[in-house]
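Secondary and tertiary structure notes
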Amino acid sequence: MQDTAAAKASVRVEPVVPSLKGLVLPEIVAKLVLGAQVRRIDDQVAVTFEGAPVVMHLQDFEFATRVADQIRKKMPRRVTPGTVISLVEQAQKGVSAELFQPGVVRVLYYATMSKVSAFYRCLMPMYALNMGGRAVAHASNARFGREALNYDVVVIQIDNSPSVLEFTIALQAQGKKVVYEIDDAFDCLEPWHPQYASYGQPARQEAIRAMMAQADAVQVSTQWLADRYRGHAKRIEVVPNMVELASWPRADRLRRDGLFKVLWAGSPSHSGDLEVVIPAMGRFLSAHPDARLVLFGQTIKDARLPAAQVEIVDFCEFEEYPFKLAAVDADVALAPLADVPFNYGKSNLRILQYWATGYPVVSSNVGPYAEVGGGILCSDEEEWLASLETLHENREFGRTMVDEGFESVKQYDVLPHAKKIEAFYSSLVERR
């Protein structure tokens, strides 16, 4: 680039060498955003700001213009000294991103306050995206701010308040793509579910449908949910729940207490599911003094379960869960699921966690568990009891199930899904 003297001498300016672009182009970007005048002759461009022209090659000008266009959308109407300082910083970041990550899709997740849901539905896909080369992603603890304008795609998880709908419309007016993330069939909750009182209201359901209709795409965890909500969305995409096998701890199998431990893990929101297996479990415990039922995450007192054979593992923080799950060192893990519409939309995440930990699984022959073949499938009390008896008498069979389960969970590892998620978000931007 050349200053005024060079311009008068009609010296032809060549493109700035790549190693210097990050140093000299942010200033041009800032001037363009602030309204600099532009005059072009062939492949030479004069950018004049406050009476001082700078001549640059068309290639560099087009580069600076791309970055300036992105920043201009985020500028407040009233420019203050603080705005200018912020603008310079944004120009530097914009130039760096365009230089070192050209053409990438930038994704921002606004996750729910629930740690578990936020982790599997937002943080895990974010992690997958950042392992690829066509997208970068971040998650925010803030609630719907100006930072969203720095991204191409904004993912809003579950929230369906009127203010969020307005925020979605405002983002789309700025050329951003909005994805609405929902991973449960909130329109068919059972009365025993803790969220039934709020999400079961007609007004709440209407708000969810409004968000689906407004969003550029709806992201769900299962094909059942995709089929159920397809008529409410412009586009719907299945992003399955995943686990990161490389960091998931496995049970060490060092327990030598002579007990046969049966594990059930779940929060109170799954009390209706636990009820499915209690009758058979009570009969099994009564028949086998060496058997123990380990309830992880919920404390219940039920006359059908011998109290002396029930162990409680208290609820723990989400970050501790995989390690405490492995520490139980169970002989078998149970995945009961009530045969109700709400559960048809659930994913097989609980089975994936059991498999990743190295547990044989006995599950309900319902919905997602039936679809993936969740270990031994049971349809009634007698089948639950027979399955437990089989594993109690044939420990080698249980070890075979462990190996089969670990092979099955590999297809849900985060690594194989990274490119698919990347392609989904990239396709949204490419449709502009």
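Above this text sits the structure in question.
The paragraphs below set out a description of the structure included in this document.

1. Some thoughts on the sheet that holds strand 4 (residues 105-110)
Spatially, 5-4-6-7-8-9 is the arrangement adopted by the six strands of the open sheet, whose pairing is parallel. Two strands close off the open sheet at either side, each with one partner strand: strand 5 (135-140) and strand 9 (236-238). Put simply, the sheet's adjacent strands are angled 25° from each other on average, direction ignored. For strand 4 and strand 6 (residues 153-157), the ladder comprises four bridges, and the chain directions are parallel. Each bridged residue has a counterpart across the sheet, and for Val107 the counterpart in strand 6 is Val153. Strands strand 4, strand 6 and strand 7 (177-181) of the sheet are contacted by helix 6 (residues 162-173), whose axis makes an angle of about 170° with strand 6. Running at roughly 105° to strand 4, helix 18 (residues 414-430) makes contact with strand 4, strand 5, strand 6, strand 7, strand 8 (217-220) and strand 9 of the sheet.

2. Points about the pattern of salt bridges
Applying the stated criterion across every chain yields a total of 25 salt bridges. Across the salt bridge formed by Glu14 and Arg12, the nearest N and O atoms sit 2.3 Å from each other. Residue Glu14 is classed as partly exposed on the basis of its relative accessible area of 47%. Judged by relative accessible area, Arg12 falls into the partly exposed class, the value being 45%.

3. Points about the sheet that holds strand 11 (residues 291-296)
Here six strands make up an open sheet; going across it, the order is 12-11-10-13-14-15 and the pairing parallel. The open sheet terminates on both sides in strands that have one partner only, identified here as strand 12 (310-313) and strand 15 (376-378). Along the sheet, successive strands turn relative to each other by an average axial angle of 25°, direction set aside. Of the pairings in the sheet, the one linking strand 11 to strand 12 comprises four bridges and is parallel in character. Note on strand 12: the bridge partner recorded for Val294 is Glu311.

4. Things to note about the packing of helix 14 (residues 349-357) against helix 17 (residues 395-409)
At a minimum axis separation of 8 Å, helix 14 and helix 17 run at an interaxial angle of 120°. As the angle between them shows, helix 14 and helix 17 are arranged oblique. The handedness of the crossing between helix 14 and helix 17 is left-handed. Of the residues in helix 17, those touching helix 14 at Leu352, Trp355 and Ala356 are Gly405, Phe406, Ser408 and Val409.

5. Some details on the nonpolar core
Counting 34 residues, the largest nonpolar core has Tyr110, Ile156, Tyr180, Ile182, Val218 and Val220 as its most contacted members. Dropping the residues within four chain positions of it, Val218 is found in contact with Tyr180, Ile182, Met212, Ala233, Arg235, Ile236 and Glu237. In terms of nonpolar packing, the next biggest core, distinct from the first, is built from 30 residues, Tyr120, Leu263, Tyr354 and Val366 among them.

6. Let's talk about empty space enclosed by the protein
To find leftover empty space, one rolls a probe the size of a water molecule over the atoms. One pass over the full model with this rule turns up one cavity of 30 Å³ or more. Taken as a whole, the largest cavity holds about 40 Å³ of empty space. Every residue along the wall of the largest cavity is listed here: Trp264, Leu274, Val277, Ile278, Met281, Leu293, Leu295, Ile300, Leu305 and Leu334. When residues of the lining of the largest cavity are traced back to their parent elements, those giving at least two are helix 11 (278-287) and strand 11. By residue class, the composition of the lining of the largest cavity is 10 nonpolar, no polar and no charged.

7. Digging into helix 17
The end-to-end C-alpha distance of helix 17 is 21 Å, a good match for the 21 Å that 15 residues give at a rise of 1.5 Å each. Within helix 17 the residues assigned to the buried category are Gly398, Met401, Val402, Gly405 and Val409. The arc that holds the buried residues of helix 17, viewed along the axis, is 110°, so those residues lie on one side. The outward face of helix 17, more than 90 degrees from its buried face, is lined by the exposed residues Asp403 and Glu407. As for helix 17, its buried residues are in contact with helix 14, strand 14 (361-364), strand 15 and helix 16 (381-393).

8. Structural notes on unusual backbone geometry
The backbone of Ile158 sits at a positive phi, close to 65°, despite the residue not being glycine. Take Ile158: it is sitting in the loop between strand 6 and helix 6. Classification of Ile158 by relative accessible area gives buried; the value is 9%. The phi angle at Arg253 is positive, at roughly 60°, despite the residue not being glycine.

9. What to know about the layout of surface pockets
Taken as a whole, the largest pocket encloses approximately 1200 Å³ of empty space. In terms of lining, the largest pocket is formed by 43 residues, of which the most central are Val116, Ser267, Ser269, His270 and Arg350. When residues of the lining of the largest pocket are traced back to their parent elements, those giving at least two are helix 5 (115-130), strand 10 (260-265), helix 13 (341-344) and helix 14. By residue number, the principal contributor to the lining of the largest pocket is helix 5, which donates five residues. A per-class count over the lining of the largest pocket returns 21 nonpolar, 14 polar and eight charged. In this structure, the second largest pocket spans a volume of roughly 840 Å³. Considering the residues around the second largest pocket, the lining is formed by 34 residues, among which Gln70, Lys74, Arg106, Asn150 and Tyr151 are closest to the centre. Element by element, the count of residues in the lining of the second largest pocket is highest for helix 4 (residues 81-100), at eight residues. Taken together, the residues that form the lining of the second largest pocket break down as 11 nonpolar, 11 polar and 12 charged.

Reading the values: rules and limits
Residues numbered from 1 in each chain as written. Predicted model: local features only at pLDDT ≥ 70, side-chain atom pairs only at ≥ 80, totals over all residues. Heavy atoms only, no water. Pairing = 2+ DSSP bridges. Helix = DSSP H or I, 4+ residues; strand = E, 2+ residues; numbered from the N terminus. Axes fitted to C-alpha atoms, helices over the stretch in contact; angles between N-to-C directions. Contact = heavy atoms within 4.5 Å. Salt bridge = Lys/Arg side-chain N within 4 Å of Asp/Glu carboxyl O. Buried < 20%, exposed > 50% of the residue type's maximum accessible area, 1.4 Å probe, protein only. Parallel < 35°, antiparallel > 145°, perpendicular 65-115°, else oblique. Left-handed = near helix turned anticlockwise from the far one by under 90°. Core = buried A, V, L, I, M, F, W, Y, C linked by side-chain atoms within 4.5 Å. 1 Å grid on protein atoms, 1.4 Å probe; cavity = no way out; pocket = protein on both sides within 12 Å on 5 of 7 lines; lining within 4 Å. Points joined across faces, edges and corners; volume = space filled by probe spheres on them. Nonpolar A, V, L, I, M, F, W, Y, C, P; charged D, E, K, R; others polar. Expected span 1.5 Å × (residues − 1). Arc of directions from axis to C-beta.

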